[in-house]
Amino acid sequence: MKSILFPATFFLLLSAAEGLSFPAFRLPRPFKPKVSERPPNEVLEICWGDKKLSIAPRRLPTLIEYFRVCTNAVYVLSPAEEPLMLSILRNKIYNALPDVNKAYLYSVVSYDEVRGVEYALSNVENLMTEKGIPLAESKDARWLKIHTNATRTPDAPEPNPCKDLVVLDGVDKVTNQSIKFIPTPYQDDLVKPQYMAIPFSKHFLYEINSRDSVGVLRRYYTLSEQCLATFSAKDVARFKENLYEVILAKFLPVVKENPHRIIPAYGGILAILTDLMECLGNSTSEADSGLATNIQFKPVVSSRNKKVKGKSSSGPGEGEKKKNSKGNKIMKEGER
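Definitions and cut-offs
- Residues numbered from 1 in each chain as written.
- Predicted model: local features only at pLDDT ≥ 70, side-chain atom pairs only at ≥ 80, totals over all residues.
- Heavy atoms only, no water.
- Buried < 20%, exposed > 50% of the residue type's maximum accessible area, 1.4 Å probe, protein only.
- Helix = DSSP H or I, 4+ residues; strand = E, 2+ residues; numbered from the N terminus.
- Pairing = 2+ DSSP bridges.
- Expected span 1.5 Å × (residues − 1).
- Contact = heavy atoms within 4.5 Å.
- Phe/Tyr/Trp six-rings, centres within 6.5 Å; stacked < 30°, edge-to-face > 60°.
- Lys NZ or Arg CZ within 6 Å of the ring centre and 35° of its normal.
- Axes fitted to C-alpha atoms, helices over the stretch in contact; angles between N-to-C directions.
- Parallel < 35°, antiparallel > 145°, perpendicular 65-115°, else oblique.
- Left-handed = near helix turned anticlockwise from the far one by under 90°.
- Nonpolar A, V, L, I, M, F, W, Y, C, P; charged D, E, K, R; others polar.
- Disulfide = S-S within 2.5 Å.
- Core = buried A, V, L, I, M, F, W, Y, C linked by side-chain atoms within 4.5 Å.
- Domains from an automatic or database assignment.

Draft legend 1. Fine view of the pairing of strand β3 (residues 168-172). By the criterion of burial, β3 is predominantly enclosed, with four of the five residues buried. Sheet topology places β3 next to strand β4 (residues 178-181); four bridges connect them, and they run antiparallel. Looking across to β4, one finds that Val171 is bridged to Ser178. Taking the residues between adjacent antiparallel strands as the criterion, β3 and β4 are bridged by five residues, where Asn176 takes a positive phi near 60°.

Right, here's the structure in full:
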């Protein structure tokens, strides 16, 4: 089988550097060759070159396609070329994951697109395993930047945002005023969480690595904001400040420790944090964030379960005569 000749620059491994500036190097037009064809140099340089790439979120599917093309190109390499070329390609895709993950956390790329990058990495690693090529540790060499300042579509208003949430009544200890409150999400572990509890009124427990958890944080934030806005602006501000502290303390450390790990449930969390920072401005600090500690919580009591004078939700009150199934009065003892 004929071997592809790759320029020497394609064998360069990238070195980590701080404060990288990304030149205006853009993806070439989509290219779908046959398996046995040699891709254009522009495509090969993306997979094996040392250029930094800066792209818009909408171009990520094109980049994923080039990963596939480069993986197929490996099939026409000579046995002597395969180990080095596959190792470089694997490291290139692996080192793209932190920026792809960041774009997902900002809600500018979809979960399916992120999975496309993970799938491309899995294909190369499986091929290396089949050929007995060891998976060497990869240096964290940043080469990809996905713009995260894309305009996000505002969330559509919900007709009844409170019906899907657990809403609590509370009393502020400082002002002694009644408030409405929605609990913040809770994870089963601060270091390696597996499950997340979100105060939805029906389904509230989610496995954070499951596809079923995609978008739950964004929906929780949207519904909570819209729900509390129907009661008081102060309730909304209190909720946002509390959520801001929870994300900083319990969610971001997990993201920081696992930059290559795509967590489905975390999609949009940096977009939420950005919105919270814009809403709170510079007023949020450790000293100011104690609002939540001044609150006493009690469950919301539905109006149909409230006790009415002379009546009880469990049965008729004193002095009220019962009726049987036929509508006839049942006389109390002593009334016969």
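Draft legend 2. Just helix α2 (residues 60-73), in detail. Taking 1.5 Å of rise per residue, 14 residues should cover 20 Å, and α2 covers 20 Å from first to last C-alpha, within 8% of that figure. With 12 of 14 residues buried, α2 is to be regarded as a mostly interior element. Buried residues along α2 sit against α1 (41-48), β1 (53-55), α3 (82-94), α4 (97-105), α5 (111-130) and β2 (144-146).

Draft legend 3. Summary view of the packing of aromatic side chains. The full count for this structure, using the stated rule, is six aromatic pairs. Ring geometry for Phe200 against Tyr206: centres 6.3 Å apart, planes inclined by 80°, an arrangement best described as edge-to-face. The same class applies to Phe200 and to Tyr206, which are both buried. Between the NZ or CZ atom of Arg90 and the centre of the ring of Tyr94, over which it lies, the distance is 4.7 Å. One residue, Lys92, lies across the ring of Trp143, its end atom 4.4 Å from the ring centre.

Draft legend 4. Quick peek at the packing of α4 against α5. Closest axis-to-axis distance for the α4/α5 pair is 9 Å, and the angle between their directions is 165°. In this view, α4 runs roughly antiparallel relative to α5, as classed from their interaxial angle. The way α4 lies across α5 gives a crossing that is left-handed. Residues Leu97, Val100 and Tyr104 of α4 form the contact with α5, whose own contacting residues are Tyr111, Val114, Val117, Glu118 and Leu121. Per-class residue counts for the contact of α4 with α5 are seven nonpolar, no polar and one charged.

Draft legend 5. Representation of the state of the cysteines within the structure. For the coordinates displayed, the defined rule picks out two disulfides. The partner cysteine of Cys47 in its disulfide is Cys70, sulfur to sulfur 2.0 Å. Judged by the sign of its S-S torsion, about 85°, the bond between Cys47 and Cys70 is right-handed. Residue Cys47 is found in helix α1, and its partner Cys70 is found in helix α2; the two are separated by 23 residues along the sequence. Taking relative accessible area as the criterion, Cys47 reaches 0% and is therefore assigned buried. Here Cys162 engages in a disulfide with Cys227; their sulfurs sit 2.0 Å apart. In this structure the cystine formed by Cys162 and Cys227 twists about its S-S bond by roughly 105°; its chirality is therefore right-handed.

Draft legend 6. Fine view of α1. Taken together, the buried positions of α1 are Val43, Leu44, Ile46, Cys47 and Trp48. Looking at the buried residues of α1, the elements they touch are α2 and α3.

Draft legend 7. Structural detail: the sheet that holds strand β5 (residues 186-187). Across the sheet, which stays open at both edges, the three strands sit in the order β5-β6-β7 with antiparallel pairing between neighbours. Looking at the sheet topology across the chains shown, the edges are occupied by β5 and β7 (205-207). In this structure, strand β6 (residues 195-197) lies alongside β7, joined through three bridges in antiparallel fashion. By the bridge assignment, Tyr195 is partnered in β7 with Glu207.

Draft legend 8. How the structure looks around the nonpolar core. Counting residues in hydrophobic clusters, the biggest one holds 77 residues, and the most contacted among them are Trp48, Leu63, Leu144 and Tyr266. By residue number, the principal contributor to this core is helix α7 (residues 233-257), which donates nine residues. For this core, the domains that each give at least three residues are domain 1 (41-146) and domain 2 (168-280).

Draft legend 9. Structural context of unusual backbone geometry. Phi angles above zero are rare outside glycine, and Ser107 is one such case at about 65°. Mapped onto the secondary structure, Ser107 falls in the loop between α4 and α5. For Ser107, a relative accessible area of 37% translates into the label partly exposed. Phi is positive for Asn176, close to 60°, though the residue is something other than glycine. With respect to the element layout, Asn176 can be found in the loop between β3 and β4. Relative accessible area serves as the criterion here: at 61%, Asn176 is assigned to the exposed category.

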